[in-house]
Each structure stands twice: as C-alpha cells, then as structure tokens.
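# A closer look at the structure
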Amino acid sequence: MSARILDGRTLSKEIRASLLERSLRIRNKGHAPGLAVILVGNDPASKVYVRNKSKACGECGVMSKVFLFPNSVSEHELIELIEKLNASNEIDGVLVQLPLPGHVNVRNIMGCISVNKDVDGFHLYNVGGLVVGGTIFPPCTPYGVQLLLETAKIEVSGKNVVIVGASNIVGKPMALMLLQKDATVSICHIKTNDLSLYTKLADVLIVAAGKPGLITADMVKNNVVVIDVGINRMPDGSITGDVDFDNVKHKASWITPVPGGVGPMTVTMLIENTIRSAELRMSINNLEVTKLEKQNQVYGLSKLLGQV
Ligand SMILES: Nc1nc(=O)c2c([nH]1)NC[C@@H]1CN(c3ccc(C(=O)N[C@@H](CCC(=O)O)C(=O)O)cc3)C=[N+]21
Ligand SMILES: [Mg+2]
C-alpha cells in the first residue's frame, strides 16, 4: 500500500488561477491589490521565502513591495515604516518576515500592524479571534493545511488530531482551527514525555517540529493522514520534512510531500488573505476606512464572519 499524495503544489496552482480572477475584478474597479513585505537581515531561508511570496504575488496580479533592512535596524525605524504602510491606500496587507533579530520585540512590531492589514494573522486581535472561533485573517500555514484537508474531503470532526509542535505560527493556531471543526486535538512539543503514545492515537497527524526524521513508521497507525509542515535544509541544499516519508507512506492513507506540500499552500493563503483584505476595503466607504484605520479599529469583521 502507498498513501495518496496531498499535492500542495497542484492545489496552489488551481487556487492561484482563481485568485488572479478575483484580483482582476478588483483592478477593474481601480485598485491594484498590494502586499508589503518587510525583511530584516540576511537569512538565506527568509530570502527564499520572500522571493517565493513575490513570485506568487506576480502570478495572482498582486503588487508586492519588499522593504529590506540591515540586522542593525531599530524597532523605531520598523514601526515608522509600518505606520506609513498602515495609512497607505495602495497597501492591503503588511507582513514582517520572521524571525527578527533578538533586539527587536516581535510583539511590539506585530502590535503595530493594522489589524485590517494583518494578512499573517499574527496581531493579538486576530489571534484572539481564533480563540473565540473566527478571525479575519487565518494564519497562512494552518489555513493552507485546512484547505488541503478539505479539498481531499478528509473529515476532522470527532477525529483524533495530534499536532507535534506548539509554535505561535503553526501548532497553536492549527489546534484552535481544528478544535473549531470539532476535532479532538492533542498538542505535543519538545517536553512531551512519550511522543509515540500520542502519535499512535492520531487519525490525523500534523508535524511542525523542525526535526528531520522525527516521525517514523512505527510511531503511526495504519491509514493515518500525515501533514508534514517541517522544512529542514540538508547539507546538500535539498529540503526535507520532519517525517520519514519513504517508510511512513506505506502506512498512511494520505501524506504531504516536502517540498510541494504545505509550503506552497502557505504562500497561496497569504495571497488569498491579501486579496480578501482588498475586497473588503473596496466594499467599505473610503472615509470610513480612513477613520477606523486611524483609530486602529477593525472594520468588516461581522461582514466577513457573519457572526462572531
Ligand atoms: N511573517 C512570516 N510569515 C510567514 O508565513 C513565514 C515567516 N514569517 N517566516 C518563515 C515561515 C516559513 N514560510 C514558508 C514560506 C514558503 C515556503 C515554500 O515555498 N516552500 C516550498 C519550498 C521552498 C524551498 O525550496 O526552500 C515547498 O515546501 O515546496 C515554505 C515556508 C513562511 N513563513
Ligand atoms: Mg507560515
């Protein structure tokens, strides 16, 4: 037996085609959707991701602007730029690439991004939205995983979903989103005493630990659905996930490859959030947007969610 592949690259292509159509509709009304990406320092992986994001923006008719800063940048300089971008009518989404250098307080920076342009979903307001069951901007990686599962018609309601990794950008928001879909969610992390006790229970196993080969075939049950969020750069330059793909695939019913699984979906959902932000801004009176924006108030939440 060999698992079916959850192909994020192919699904991304399909979604990006429909995003381009949405983008063109917005452009026809006189606005080009815009994403601002702030990149600090020289981390080669961050540069690759930012390049992928810009390329995807191009495919979807989204204007992208990258702002580069040296490692020595001050918090003040970053905040000054973010405030300009918050106030700019050309910009629908603002993203600060992580990680940031140690002397910059991530919470301070994320807190300055307008909640209405927080396409990463990292502002505490949007994080709080997830806790109570809905947010304007679902964080891109968990959002992409959810879409991969939905597209393959993998039902999570009532299922044991085990998440390995408790980061603020993947593990924790993923848990909240799947809890909202009535899954029974367990979160494991670096201090978990007996990891395989949990992984063996999983109907759906989501791994975001950053450790190549962490999940082996003996740790999972037959027919498990495996989502590998890990991206580990190997000495030969290739990338690999956290799952021993070649062996686990014989037990799993579905599995994501790395590359070509979750990674492209992360980028695609970022564009989706940006285009949705642009659609929302277009649907609201400009004066009202400016007024609410100045007060850093949220608009359109009830419009998007139906109810909170
Ligand atoms: N503010 C912020 N938002 C993020 O969303 C964010 C971030 N910071 N910092 C880093 C992580 C990581 N991330 C990825 C983006 C693209 C791929 C991607 O395109 N992966 C390709 C391969 C890429 C390669 O070859 O290295 C794939 O898996 O097929 C992966 C991971 C976004 N992140
Ligand atoms: Mg991400």
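These remarks concern the structure in this document.

The rules behind each value
Residues numbered from 1 in each chain as written. Chains lettered and ligands numbered in written order. Predicted model: local features only at pLDDT ≥ 70, side-chain atom pairs only at ≥ 80, totals over all residues. Heavy atoms only, no water. Helix = DSSP H or I, 4+ residues; strand = E, 2+ residues; numbered from the N terminus. Buried < 20%, exposed > 50% of the residue type's maximum accessible area, 1.4 Å probe, protein only. Areas by Shrake-Rupley, 256 points an atom, 1.4 Å probe, with all protein chains shown as cover. Pairing = 2+ DSSP bridges. Contact = heavy atoms within 4.5 Å. Salt bridge = Lys/Arg side-chain N within 4 Å of Asp/Glu carboxyl O. 1 Å grid on protein atoms, 1.4 Å probe; cavity = no way out; pocket = protein on both sides within 12 Å on 5 of 7 lines; lining within 4 Å. Points joined across faces, edges and corners; volume = space filled by probe spheres on them. Nonpolar A, V, L, I, M, F, W, Y, C, P; charged D, E, K, R; others polar. Domains from an automatic or database assignment. Core = buried A, V, L, I, M, F, W, Y, C linked by side-chain atoms within 4.5 Å.

## Here we look at the overall build of the chain
Helix and strand content of the chain: 12 helices and 11 strands. When the backbone C-alpha atoms are referred to their principal axes, the chain occupies close to 60 × 45 × 35 Å. When the 308 residues of the chain are sorted by exposure, 49% land in the buried category. For the chain, the exposed area adds up to about 14500 Å²; of that, 54% sits on carbon and sulfur atoms.

## Focus: the sheet that holds strand E1 (residues 4–5)
Strand order in the open sheet formed by six strands is E1-E11-E8-E7-E5-E6, with parallel pairing between adjacent strands. This sheet does not close on itself; its edge strands, each paired only once, are E1 and strand E6 (184–188). The pairing of E1 with strand E11 (residues 254–255) spans two bridges and is classified as parallel. Within E11, the residue paired with Ile5 across the bridge is Ile255.

## Comments concerning helix H7 (residues 171–180)
Along H7, the residues that are buried comprise Gly171, Pro173, Met174, Ala175, Met177 and Leu178. If you follow the buried residues of H7, they end up packed against helix H5 (124–131), helix H6 (140–151), strand E5 (160–164), E6 and strand E7 (204–207). Asp182, located one to two residues past H7, shows a positive phi value of around 70°.

## Overview of the pattern of salt bridges
Applying the stated rule across the entire model yields nine salt bridges. Notably, a salt bridge pairs Glu90 with Lys65, separated by 3.7 Å at the nearest N-O pair. Here the residue Glu90 occupies a position in the loop between helix H3 (75–87) and strand E4 (93–96), and Lys65 occupies one in strand E3 (residues 63–69), the gap between them amounting to 25 residues. Residue class for Lys65 comes out partly exposed when judged on its relative accessible area of 35%. For Asp203, the salt bridge identified is with Lys221, shortest N-O distance 2.8 Å. Remark: Lys221 occurs in the loop between E7 and strand E8 (225–228) and Asp203 occurs in the loop between helix H8 (195–199) and E7; sequence separation between them is 18 residues.

## Topic: the layout of surface pockets
Counted as a void, the second largest pocket has a volume near 360 Å³. If you trace the second largest pocket, you find 16 residues lining it, with Phe122, Leu124, Val127, Asn168 and Ile169 closest to the centre. Those elements that provide at least two residues to the lining of the second largest pocket are helix H4 (106–112), H5 and H7. A total of four residues in the lining of the second largest pocket trace back to one element, the largest contributor, which is H5. Here the residues of the lining of the second largest pocket sort into 12 nonpolar, two polar and two charged. Both of domain 1 (28–114) and domain 2 (140–263) provide at least three residues apiece to the lining of the second largest pocket.

## A word on the pairing of E4
Two faces make up the sheet, and in a regular strand the side chains alternate between them. Burial of the side chains of E4 extends over both faces: Gly93 and Leu95 are buried on one face and Val94 and Val96 on the other. Pairing analysis gives four bridges linking strand E2 (residues 34–40) to E4, with the strands arranged parallel. In the strand pairing of E4, Ala36 is matched with Val94.

## Some thoughts on the nonpolar core
By size, the foremost hydrophobic cluster in this structure holds 51 residues, and its most contacted members are Leu149, Ile206 and Ile227. For this core, the leading source of residues is helix H10 (residues 262–282), giving nine residues. If we ignore the near neighbours within four places in the chain, the residues touching Ile227 are Leu6, Val145, Leu149, Leu205, Ile206, Val207, Thr256 and Val262. Counting residues in hydrophobic clusters, the runner-up holds 20 residues, among them Val73, Leu78, Leu81 and Phe122.

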